[in-house]
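A closer look at the structure
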Amino acid sequence: MTRVQKLKVAVVYFTKTDVTGTLAKALQAGLAESYSIEVVSIKIQGKQIVEGRFCAPEVFEQLVDCDAIIFGSPTYMGGVAAQFKAFADATSELWCKQQWAGKVAAGFTCGSALNGDQTSTLQYLVTLANQHGMLWVGLDLVSGYDQRELNRLGCQLGVVAQSSNGEVHPSDVATARYLGQRVGYLLKNTSEKA
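Rules behind the numbers
Residues numbered from 1 in each chain as written. Predicted model: local features only at pLDDT ≥ 70, side-chain atom pairs only at ≥ 80, totals over all residues. Heavy atoms only, no water. 1 Å grid on protein atoms, 1.4 Å probe; cavity = no way out; pocket = protein on both sides within 12 Å on 5 of 7 lines; lining within 4 Å. Points joined across faces, edges and corners; volume = space filled by probe spheres on them. Helix = DSSP H or I, 4+ residues; strand = E, 2+ residues; numbered from the N terminus. Buried < 20%, exposed > 50% of the residue type's maximum accessible area, 1.4 Å probe, protein only. Pairing = 2+ DSSP bridges. Arc of directions from axis to C-beta. Contact = heavy atoms within 4.5 Å. Right-handed = clockwise from strand over helix to strand, strands pointing away. Core = buried A, V, L, I, M, F, W, Y, C linked by side-chain atoms within 4.5 Å. Phe/Tyr/Trp six-rings, centres within 6.5 Å; stacked < 30°, edge-to-face > 60°.

**With respect to the layout of surface pockets**
In this structure, the second largest pocket spans a volume of roughly 200 Å³. Thr17, Tyr76, Cys110, Ser112 and Ser163 are, among the 15 residues lining the second largest pocket, the residues nearest its centre. The dominant element in the lining of the second largest pocket, judged by the number of residues it contributes, is strand β5 (residues 68–76), at 3 residues.

**Let's talk about the pairing of strand β7 (residues 104–111)**
Taken across its 8 residues, β7 has 8 buried, putting it largely inside the fold. Relative to β7, β5 runs parallel, the two being bridged by 7 bridges. Each bridged residue has a counterpart across the sheet, and for Ser73 the counterpart in β7 is Thr109. Across 2 bridges, β7 lies against strand β8 (residues 135–136) in parallel orientation. Among the inter-strand pairings, Ala105 is bridged to a residue of β8, identified as Trp136.

**Thoughts on helix α2 (residues 57–64)**
Every buried residue of α2 is listed here: Val59, Phe60 and Leu63. An end-on view of α2 places all buried positions within 95 degrees of arc, on one side of the element. Those residues of α2 that are exposed and aimed more than 90 degrees away from the buried face are Pro57 and Glu61. Taken together, the buried residues of α2 touch β1 (7–13), β2 (37–43), β4 (53–54), β5, α3 (82–90) and α4 (92–96).

**Let's talk about the environment of Lys8**
Topologically, Lys8 is positioned in strand β1. Residue contacts for Lys8: discarding those within four places in its chain leaves Glu38, Val40, Asp65, Cys66, Asp67 and Ala68.

**Observations regarding the pairing of β2**
Looking along a regular strand, one sees the side chains alternate between the two faces of the sheet. Here β1 runs beside β2; their pairing, made up of 7 bridges, is parallel. Directly across from Ala10, in β2, lies its bridge partner Val40. In this region the chain leaves β1, passes through helix α1 (residues 19–32) and returns to the parallel neighbour β2; the handedness of that crossover is right-handed.

**Concerning the nonpolar core**
Phe54, Leu63, Phe71, Phe84, Phe87 and Trp100 are the most contacted members of the largest nonpolar core, which has 31 residues in total. Contributions of two or more residues to this core are made by β1, β2, α2, β5, α3 and α5 (118–131). The element contributing the most residues to this core is α3, with 5 residues. Excluding anything up to four places from it in sequence, Phe87 contacts Val12, Ile44, Phe54, Val59, Phe60, Leu63, Phe71 and Trp100.

**Observations regarding the packing of aromatic side chains**
For any pair of aromatic rings, the description rests on two quantities: the centre-to-centre distance and the angle between the ring planes. Scanning the entire structure with this criterion turns up 6 aromatic pairs. For the pair Phe54 and Phe60, a centre-to-centre distance of 5.6 Å together with 70 degrees between the ring planes defines the contact as edge-to-face. Accessibility assignment for this pair places Phe54 and Phe60 in one class, buried. Ring centres 5.7 Å apart and planes at 20 degrees place the aromatic pair Phe60 and Phe87 in the stacked group. Taken together, the positions of Phe60 in helix α2 and Phe87 in helix α3 put the pair 27 residues apart, joining distant regions of the chain. Here the two residues Phe60 and Phe87 agree in accessibility, since each one is buried. Through pairs of rings, three or more aromatic residues link up here, namely Phe54, Phe60, Phe71, Phe84, Phe87 and Trp100.

Printed below as a string of structure tokens:
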């Protein structure tokens with residue numbers, strides 16, 4: 001009997017107020033619902049950034065072995081946080097060798113306003129993934145047409161949350177969990193067909 005190897009998914013994120021951290025945990029919970037997925041949580045820390053450059057080679061070693069990477073950052077001034085950008089810039093060495101090519105990617109963000117340009121952050125994450133040759137997974141949820149009340153802010157690119165008080169709306173948490181389930185389902189089905 002052939003033993004099925006576990007798929008590995010990393011959730012890489014920066015959080016300051018823990019709104020993004022709450023979304024990351026919900027994504028991880030959704031991923032963990034698939035018995036065949038090992039979840040790796042990587043929280044970007046300020047101490048990993050030296051003179052503006054993300055310096056944690058062990059993180060990149062972990063990510064090369066993953067089947068999917070889900071990126072998360074709060075939206076600051078219409079884009080990713082500086083801490084996440086330092087991480088992204090440091091991936092250029094992996095980019096040169098296309099070490100993430102063919103991996104699945106997805107993303108999530110939050111902002112304090114209902115329309116705080118969170119989509120710009122997701123577009124940046126999509127661009128980062130495409131630079132690396134990754135395959136982007138968005139949401140397949142139409143806002144307002146589902147009794148589960150998922151994707152309340154109506155963004156198809158990934159999870160967008162809004163919080164002005166540090167608390168995360170239950171719908172945004174549930175949407176993050178759903179994206180984790182979706183990535184897990186797609187990975188599992190793709191690996192079974194291979």
